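# Analysis of the macromolecular model
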Amino acid sequence: MEAKKGINRKRRTPHNGESQTKKKRRKLDEVDGKSKSSSSFLDKMRARLSGGHFRMINEKLYTCTGSEALSYFEEDPSLFNVYSSFIVWSCGETYIVLGQYHTGYQEQMSHWPQQPVNIIIKWLKDHSPSLIVADFGCGDARLARNVKNKVFSFDLISNDPSVTVCDMSNTQLESSSIDVAVFCLSLMGTNFSSYLQEAHRVLKPCGWLLIAEVKSRFDPNTGGADPNKFSKAICKLGFTLESKDFSNKMFVLLYFKKKEKQNSKVNEIDWPELKPCLYKRR
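Since the structure is predicted, the reported quantities are computational estimates derived from the model, not experimental observations.

### Considering the pairing of strand β7 (residues 203–214)
Counted residue by residue, β7 has nine buried out of 12 residues, so it is predominantly covered. Bridge analysis of strand β6 (residues 178–184) against β7 gives six bridges, and the strand direction is parallel. Each residue of the ladder has a partner; that of Ile178, found in β7, is Leu203. A crossover connection joins β6 to the parallel β7 through helix α8 (residues 192–202); in handedness this β-α-β unit is right-handed. In terms of strand pairing, β7 meets strand β9 (residues 251–258) through seven bridges, oriented antiparallel. Across the sheet, the residue bridging to Ile211 is Leu254, located in β9.

### Digging into the nonpolar core
Core analysis: the largest hydrophobic core is formed by 32 residues, its most contacted members being Phe183, Leu187, Leu196, Leu209, Ile211, Phe230 and Ile234. Elements with a minimum of two residues in this core: β3 (133–136), β6, α8, β7, α9 (227–238) and β9. Here this core takes five residues from α8, the largest share from any one element. The next biggest cluster of nonpolar side chains, apart from the first, holds 22 residues, and it includes Val180, Cys184, Trp208 and Leu210.

### Examining unusual backbone geometry
Despite not being glycine, Ala141 shows a phi value in the positive range, around 60°. Within the secondary structure layout, Ala141 lies in the loop between β3 and α7 (142–145). Residue Ala141 is classed as buried on the basis of its relative accessible area, which comes to 1%. You will see that Gln172, though not glycine, has its phi angle at about 70°, which is positive. Relative to the helices and strands, Gln172 is located in the loop between β5 (163–165) and β6. Residue Gln172 is classed as exposed on the basis of its relative accessible area, which comes to 64%.

### Focus on the packing of aromatic side chains
Two numbers describe a pair of aromatic rings. These are the distance of the centres and the angle of the planes. In the structure shown here, the tally under the stated rule is eight aromatic pairs. Members of the aromatic cluster, each reached through a chain of ring pairs, are Phe192, Phe218, Phe230 and Trp271. Lying over the aromatic face of Phe152, Lys150 brings its terminal NZ or CZ to 4.8 Å of the ring centre.

### As for the packing of α8 against α9
At a closest axis distance of 10 Å, the pairing of α8 and α9 adopts a crossing angle of 40°. Judged by the inter-axis angle, α8 sits oblique to α9. As α8 runs across α9, the sense of the crossing is right-handed. Contacts between α8 and α9 involve Phe192, Leu196, Gln197 and His200 on the former and, on the latter, Phe230, Ile234, Leu237 and Gly238. When the residues that make up the contact of α8 with α9 are grouped by side-chain class, the tally is five nonpolar, three polar and no charged.

### Considerations on the pairing of β6
Extensive coverage of β6 is indicated by the burial of seven of its seven residues. Note that β3 and β6 share four bridges and pair parallel. Looking at β6, one finds that Val133 is bridged to Val180.

### Here's the deal with the environment of Val214
Assignment of secondary structure puts Val214 in strand β7. Put simply, Val214 and Leu253 are 39 residues apart on the chain and 9.2 Å apart in space, counted from C-alpha to C-alpha.

### Topic: the side chain of Thr171
Looking at the element boundaries, Thr171 is found in the loop between β5 and β6. A polar contact of 2.8 Å, which involves the side chain of Thr171, links it to the side chain of Glu198. Excluding residues within four positions of it along the chain, Thr171 makes contact with Phe136, Phe154, Cys166, Glu198, Arg201 and Val202.

### Structural notes on the side chain of His200
Tracing the backbone through its elements, the reader meets His200 in helix α8. A polar side-chain atom of His200 sits 3.4 Å from the main-chain carbonyl oxygen of Leu237. Ignoring any residue separated from it by four or fewer positions in sequence, one finds His200 in contact with Leu237, Gly238, Phe239, Lys258 and Gln262.

### Some points on the sheet that holds β9
Strand order in the open sheet formed by seven strands is β5-β4-β3-β6-β7-β9-β8, and the pairing between neighbours is mixed. Each of the sheet's edge strands pairs with one partner strand only, and the pair in question is β5 and β8 (239–245). Going across the sheet, the axis of each strand differs from the next one's by a mean of 20°, ignoring polarity. Pairing of β8 with β9, which is carried by six bridges, proceeds in the antiparallel orientation. The partner of Thr240 across the bridge, within β9, is Lys257. Lying on the sheet, helix α6 (residues 116–125) is in contact with β3, β6, β7 and β9; it crosses β6 at an angle near 165°. Contacts from α9 reach β7, β8 and β9, with the element oriented near 150° to β8.

Rules of the game
Residues numbered from 1 in each chain as written. Predicted model: local features only at pLDDT ≥ 70, side-chain atom pairs only at ≥ 80, totals over all residues. Heavy atoms only, no water. Buried < 20%, exposed > 50% of the residue type's maximum accessible area, 1.4 Å probe, protein only. Helix = DSSP H or I, 4+ residues; strand = E, 2+ residues; numbered from the N terminus. Pairing = 2+ DSSP bridges. Right-handed = clockwise from strand over helix to strand, strands pointing away. Core = buried A, V, L, I, M, F, W, Y, C linked by side-chain atoms within 4.5 Å. Phe/Tyr/Trp six-rings, centres within 6.5 Å; stacked < 30°, edge-to-face > 60°. Lys NZ or Arg CZ within 6 Å of the ring centre and 35° of its normal. Axes fitted to C-alpha atoms, helices over the stretch in contact; angles between N-to-C directions. Parallel < 35°, antiparallel > 145°, perpendicular 65-115°, else oblique. Left-handed = near helix turned anticlockwise from the far one by under 90°. Contact = heavy atoms within 4.5 Å. Nonpolar A, V, L, I, M, F, W, Y, C, P; charged D, E, K, R; others polar. Polar contact = N/O pair within 3.5 Å; in protein donor to acceptor, adjacent residues only side chain to side chain.

See the structure below:
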(Lines give C-alpha, C1' and ligand atoms only; values in the text may rest on other atoms or scores of the structure.)
Protein backbone atom coordinates (compact mmCIF):
# COMPACT_ATOMS: atom_id res chain seq x y z
CA MET A 1 0.00 0.00 0.00
CA GLU A 2 2.78 2.40 0.93
CA ALA A 3 4.54 1.73 -2.34
CA LYS A 4 1.34 2.35 -4.28
CA LYS A 5 0.72 5.59 -2.40
CA GLY A 6 4.23 6.73 -3.33
CA ILE A 7 3.56 5.97 -6.98
CA ASN A 8 0.29 7.89 -6.85
CA ARG A 9 2.01 10.92 -5.31
CA LYS A 10 4.50 11.04 -8.18
CA ARG A 11 1.70 11.04 -10.74
CA ARG A 12 -0.21 13.88 -9.13
CA THR A 13 -0.30 17.25 -10.93
CA PRO A 14 -0.69 20.70 -9.36
CA HIS A 15 -4.18 21.71 -8.26
CA ASN A 16 -4.50 24.12 -11.21
CA GLY A 17 -3.95 21.24 -13.64
CA GLU A 18 -0.65 22.71 -14.98
CA SER A 19 2.59 20.71 -14.93
CA GLN A 20 5.77 22.26 -13.55
CA THR A 21 7.35 22.19 -17.03
CA LYS A 22 4.45 24.07 -18.59
CA LYS A 23 4.46 26.53 -15.71
CA LYS A 24 8.16 27.32 -16.23
CA ARG A 25 7.61 27.65 -19.99
CA ARG A 26 4.70 30.04 -19.41
CA LYS A 27 6.84 32.23 -17.14
CA LEU A 28 9.62 32.32 -19.73
CA ASP A 29 7.09 33.33 -22.41
CA GLU A 30 5.82 36.11 -20.15
CA VAL A 31 9.36 37.43 -19.60
CA ASP A 32 10.09 37.22 -23.34
CA GLY A 33 6.84 39.06 -24.08
CA LYS A 34 7.72 41.84 -21.64
CA SER A 35 11.19 42.09 -23.17
CA LYS A 36 9.75 42.43 -26.67
CA SER A 37 7.22 44.99 -25.46
CA SER A 38 9.99 46.97 -23.75
CA SER A 39 12.14 46.84 -26.89
CA SER A 40 9.23 47.98 -29.06
CA PHE A 41 8.52 50.86 -26.69
CA LEU A 42 12.18 51.90 -26.69
CA ASP A 43 12.36 51.78 -30.50
CA LYS A 44 9.29 54.01 -30.74
CA MET A 45 10.77 56.48 -28.26
CA ARG A 46 14.08 56.55 -30.14
CA ALA A 47 12.28 57.36 -33.39
CA ARG A 48 10.17 60.05 -31.73
CA LEU A 49 13.09 61.70 -29.94
CA SER A 50 15.47 61.55 -32.90
CA GLY A 51 12.74 62.98 -35.09
CA GLY A 52 12.09 65.78 -32.60
CA HIS A 53 15.75 66.75 -32.41
CA PHE A 54 16.04 66.55 -36.17
CA ARG A 55 13.20 69.09 -36.46
CA MET A 56 14.89 71.43 -33.99
CA ILE A 57 18.28 71.39 -35.74
CA ASN A 58 16.61 71.37 -39.14
CA GLU A 59 14.82 74.64 -38.33
CA LYS A 60 18.12 76.17 -37.21
CA LEU A 61 19.84 75.21 -40.46
CA TYR A 62 17.08 76.67 -42.61
CA THR A 63 17.07 80.03 -40.82
CA CYS A 64 20.78 80.92 -40.69
CA THR A 65 23.63 81.35 -43.15
CA GLY A 66 25.98 78.53 -44.06
CA SER A 67 28.88 80.07 -42.14
CA GLU A 68 26.68 80.48 -39.05
CA ALA A 69 25.59 76.85 -39.31
CA LEU A 70 29.20 75.70 -39.64
CA SER A 71 30.15 77.69 -36.52
CA TYR A 72 27.13 76.25 -34.75
CA PHE A 73 28.42 72.71 -35.22
CA GLU A 74 32.08 73.61 -34.69
CA GLU A 75 31.27 75.10 -31.29
CA ASP A 76 29.51 71.90 -30.22
CA PRO A 77 30.19 68.91 -32.52
CA SER A 78 28.05 66.71 -30.28
CA LEU A 79 25.00 68.46 -31.74
CA PHE A 80 25.60 66.49 -34.92
CA ASN A 81 26.21 63.03 -33.49
CA VAL A 82 24.30 63.22 -30.24
CA TYR A 83 22.04 66.21 -29.74
CA SER A 84 20.87 65.24 -26.32
CA SER A 85 20.44 62.37 -23.90
CA PHE A 86 17.12 61.41 -22.43
CA ILE A 87 16.20 59.13 -19.58
CA VAL A 88 13.24 56.96 -20.41
CA TRP A 89 11.72 54.79 -17.73
CA SER A 90 10.38 51.46 -18.88
CA CYS A 91 9.76 48.26 -16.90
CA GLY A 92 11.75 49.61 -13.97
CA GLU A 93 14.93 50.13 -16.00
CA THR A 94 16.67 53.29 -17.22
CA TYR A 95 17.47 53.69 -20.89
CA ILE A 96 19.62 56.38 -22.48
CA VAL A 97 18.16 57.36 -25.84
CA LEU A 98 20.52 59.10 -28.23
CA GLY A 99 19.26 61.25 -31.09
CA GLN A 100 21.38 61.54 -34.20
CA TYR A 101 20.87 64.02 -37.01
CA HIS A 102 21.09 61.52 -39.85
CA THR A 103 18.91 59.10 -37.89
CA GLY A 104 16.32 61.85 -37.58
CA TYR A 105 16.70 62.69 -41.26
CA GLN A 106 16.16 59.08 -42.28
CA GLU A 107 13.16 58.82 -39.94
CA GLN A 108 11.56 61.82 -41.65
CA MET A 109 12.41 60.57 -45.15
CA SER A 110 10.97 57.13 -44.36
CA HIS A 111 7.52 58.69 -44.68
CA TRP A 112 8.21 59.65 -48.31
CA PRO A 113 7.06 57.13 -50.94
CA GLN A 114 10.11 57.95 -53.09
CA GLN A 115 13.58 59.30 -52.28
CA PRO A 116 14.95 62.08 -54.54
CA VAL A 117 18.53 60.87 -54.04
CA ASN A 118 17.58 57.57 -55.69
CA ILE A 119 16.33 59.42 -58.77
CA ILE A 120 19.62 61.33 -58.97
CA ILE A 121 21.56 58.09 -58.54
CA LYS A 122 19.62 56.58 -61.46
CA TRP A 123 20.27 59.71 -63.55
CA LEU A 124 24.01 59.35 -62.97
CA LYS A 125 23.91 55.64 -63.77
CA ASP A 126 22.21 56.48 -67.07
CA HIS A 127 25.11 58.79 -67.94
CA SER A 128 28.84 58.23 -68.24
CA PRO A 129 30.63 57.03 -65.08
CA SER A 130 33.50 59.31 -66.08
CA LEU A 131 31.50 62.40 -65.04
CA ILE A 132 32.97 64.03 -61.93
CA VAL A 133 30.34 64.92 -59.34
CA ALA A 134 30.16 67.41 -56.48
CA ASP A 135 27.46 66.55 -53.92
CA PHE A 136 26.61 69.72 -51.99
CA GLY A 137 25.05 68.82 -48.63
CA CYS A 138 25.69 65.11 -49.06
CA GLY A 139 24.27 63.96 -45.70
CA ASP A 140 25.24 60.31 -45.22
CA ALA A 141 27.05 60.32 -48.61
CA ARG A 142 24.63 57.77 -50.08
CA LEU A 143 25.13 59.21 -53.56
CA ALA A 144 28.88 58.54 -53.53
CA ARG A 145 28.38 54.99 -52.27
CA ASN A 146 25.96 54.05 -55.03
CA VAL A 147 27.60 55.29 -58.23
CA LYS A 148 30.86 54.53 -60.03
CA ASN A 149 31.57 58.23 -60.60
CA LYS A 150 34.21 60.17 -58.73
CA VAL A 151 32.17 62.10 -56.17
CA PHE A 152 33.30 64.98 -53.96
CA SER A 153 30.98 64.96 -50.96
CA PHE A 154 30.49 68.14 -48.90
CA ASP A 155 28.59 68.85 -45.71
CA LEU A 156 28.70 71.07 -42.63
CA ILE A 157 30.04 68.30 -40.42
CA SER A 158 30.52 64.56 -40.71
CA ASN A 159 32.29 61.60 -39.13
CA ASP A 160 32.76 60.05 -42.56
CA PRO A 161 36.36 60.60 -43.72
CA SER A 162 35.17 60.65 -47.34
CA VAL A 163 33.10 63.79 -46.66
CA THR A 164 34.74 67.23 -46.80
CA VAL A 165 33.50 69.43 -43.97
CA CYS A 166 33.03 73.02 -45.12
CA ASP A 167 30.77 75.96 -45.78
CA MET A 168 29.28 74.99 -49.15
CA SER A 169 29.86 78.48 -50.52
CA ASN A 170 33.60 77.76 -50.34
CA THR A 171 34.47 74.18 -51.32
CA GLN A 172 38.12 74.74 -52.32
CA LEU A 173 37.49 72.88 -55.59
CA GLU A 174 39.25 74.19 -58.67
CA SER A 175 37.20 76.28 -61.07
CA SER A 176 35.65 74.44 -64.02
CA SER A 177 36.63 71.03 -62.61
CA ILE A 178 33.25 69.37 -62.09
CA ASP A 179 30.78 67.81 -64.55
CA VAL A 180 27.74 67.52 -62.27
CA ALA A 181 26.78 69.56 -59.19
CA VAL A 182 24.05 68.09 -56.99
CA PHE A 183 21.84 69.77 -54.39
CA CYS A 184 19.54 67.13 -52.96
CA LEU A 185 17.32 68.78 -50.31
CA SER A 186 20.31 70.90 -49.30
CA LEU A 187 19.52 74.52 -50.23
CA MET A 188 19.00 75.14 -46.53
CA GLY A 189 20.82 78.35 -45.60
CA THR A 190 19.41 81.85 -46.00
CA ASN A 191 22.39 82.49 -48.33
CA PHE A 192 21.57 79.54 -50.61
CA SER A 193 22.38 81.71 -53.64
CA SER A 194 26.06 81.69 -52.62
CA TYR A 195 26.00 77.86 -52.79
CA LEU A 196 24.65 78.02 -56.33
CA GLN A 197 27.30 80.59 -57.26
CA GLU A 198 29.96 78.19 -55.95
CA ALA A 199 28.43 75.39 -58.01
CA HIS A 200 28.57 77.61 -61.09
CA ARG A 201 32.24 78.39 -60.40
CA VAL A 202 33.34 74.76 -60.09
CA LEU A 203 31.26 73.42 -62.99
CA LYS A 204 32.77 72.98 -66.42
CA PRO A 205 31.05 74.72 -69.35
CA CYS A 206 27.96 72.64 -70.24
CA GLY A 207 28.19 70.95 -66.83
CA TRP A 208 24.99 69.83 -65.11
CA LEU A 209 23.30 71.35 -62.07
CA LEU A 210 20.74 69.00 -60.49
CA ILE A 211 18.42 70.34 -57.79
CA ALA A 212 15.90 68.36 -55.76
CA GLU A 213 13.89 70.37 -53.24
CA VAL A 214 10.81 70.02 -51.07
CA LYS A 215 7.78 70.87 -53.19
CA SER A 216 6.14 73.17 -50.62
CA ARG A 217 9.11 75.54 -50.92
CA PHE A 218 7.96 76.24 -54.49
CA ASP A 219 4.26 76.71 -53.81
CA PRO A 220 3.37 80.44 -53.84
CA ASN A 221 -0.06 79.58 -52.41
CA THR A 222 1.52 78.51 -49.12
CA GLY A 223 4.27 81.12 -48.91
CA GLY A 224 6.76 79.32 -51.12
CA ALA A 225 8.80 80.83 -53.94
CA ASP A 226 7.52 81.11 -57.49
CA PRO A 227 9.31 78.22 -59.28
CA ASN A 228 9.54 80.25 -62.49
CA LYS A 229 11.25 83.16 -60.71
CA PHE A 230 13.62 80.73 -59.02
CA SER A 231 14.53 79.12 -62.35
CA LYS A 232 14.99 82.53 -64.01
CA ALA A 233 17.36 83.61 -61.22
CA ILE A 234 19.50 80.50 -61.79
CA CYS A 235 19.45 81.09 -65.53
CA LYS A 236 20.69 84.66 -64.96
CA LEU A 237 23.55 83.16 -62.96
CA GLY A 238 24.67 81.43 -66.14
CA PHE A 239 22.54 78.33 -66.70
CA THR A 240 19.85 77.09 -69.04
CA LEU A 241 16.88 75.10 -67.74
CA GLU A 242 16.93 71.75 -69.52
CA SER A 243 13.99 70.08 -67.80
CA LYS A 244 11.85 70.10 -64.66
CA ASP A 245 9.73 67.50 -62.90
CA PHE A 246 6.88 68.49 -60.58
CA SER A 247 5.11 65.13 -60.78
CA ASN A 248 6.15 63.95 -57.32
CA LYS A 249 3.91 65.19 -54.48
CA MET A 250 6.85 65.57 -52.06
CA PHE A 251 9.66 67.19 -54.08
CA VAL A 252 10.56 68.90 -57.35
CA LEU A 253 13.49 68.16 -59.65
CA LEU A 254 15.24 70.80 -61.74
CA TYR A 255 17.93 70.08 -64.34
CA PHE A 256 20.16 72.95 -65.53
CA LYS A 257 23.21 73.21 -67.79
CA LYS A 258 25.98 75.74 -67.42
CA LYS A 259 26.28 78.23 -70.27
CA GLU A 260 29.54 78.77 -72.10
CA LYS A 261 29.51 82.48 -71.25
CA GLN A 262 29.29 83.70 -67.66
CA ASN A 263 26.99 86.51 -66.56
CA SER A 264 29.01 89.50 -65.35
CA LYS A 265 26.06 90.92 -63.37
CA VAL A 266 25.72 88.12 -60.81
CA ASN A 267 25.32 90.56 -57.92
CA GLU A 268 22.25 92.10 -59.57
CA ILE A 269 20.24 88.86 -59.57
CA ASP A 270 16.95 89.12 -57.66
CA TRP A 271 16.86 85.83 -55.77
CA PRO A 272 13.43 84.75 -54.46
CA GLU A 273 13.24 83.79 -50.81
CA LEU A 274 12.95 80.06 -50.13
CA LYS A 275 10.82 79.51 -47.06
CA PRO A 276 12.22 77.24 -44.34
CA CYS A 277 11.10 73.63 -44.59
CA LEU A 278 9.74 72.97 -41.10
CA TYR A 279 8.61 69.41 -40.51
CA LYS A 280 5.37 68.89 -38.65
CA ARG A 281 5.26 66.95 -35.42
CA ARG A 282 3.82 63.47 -35.81
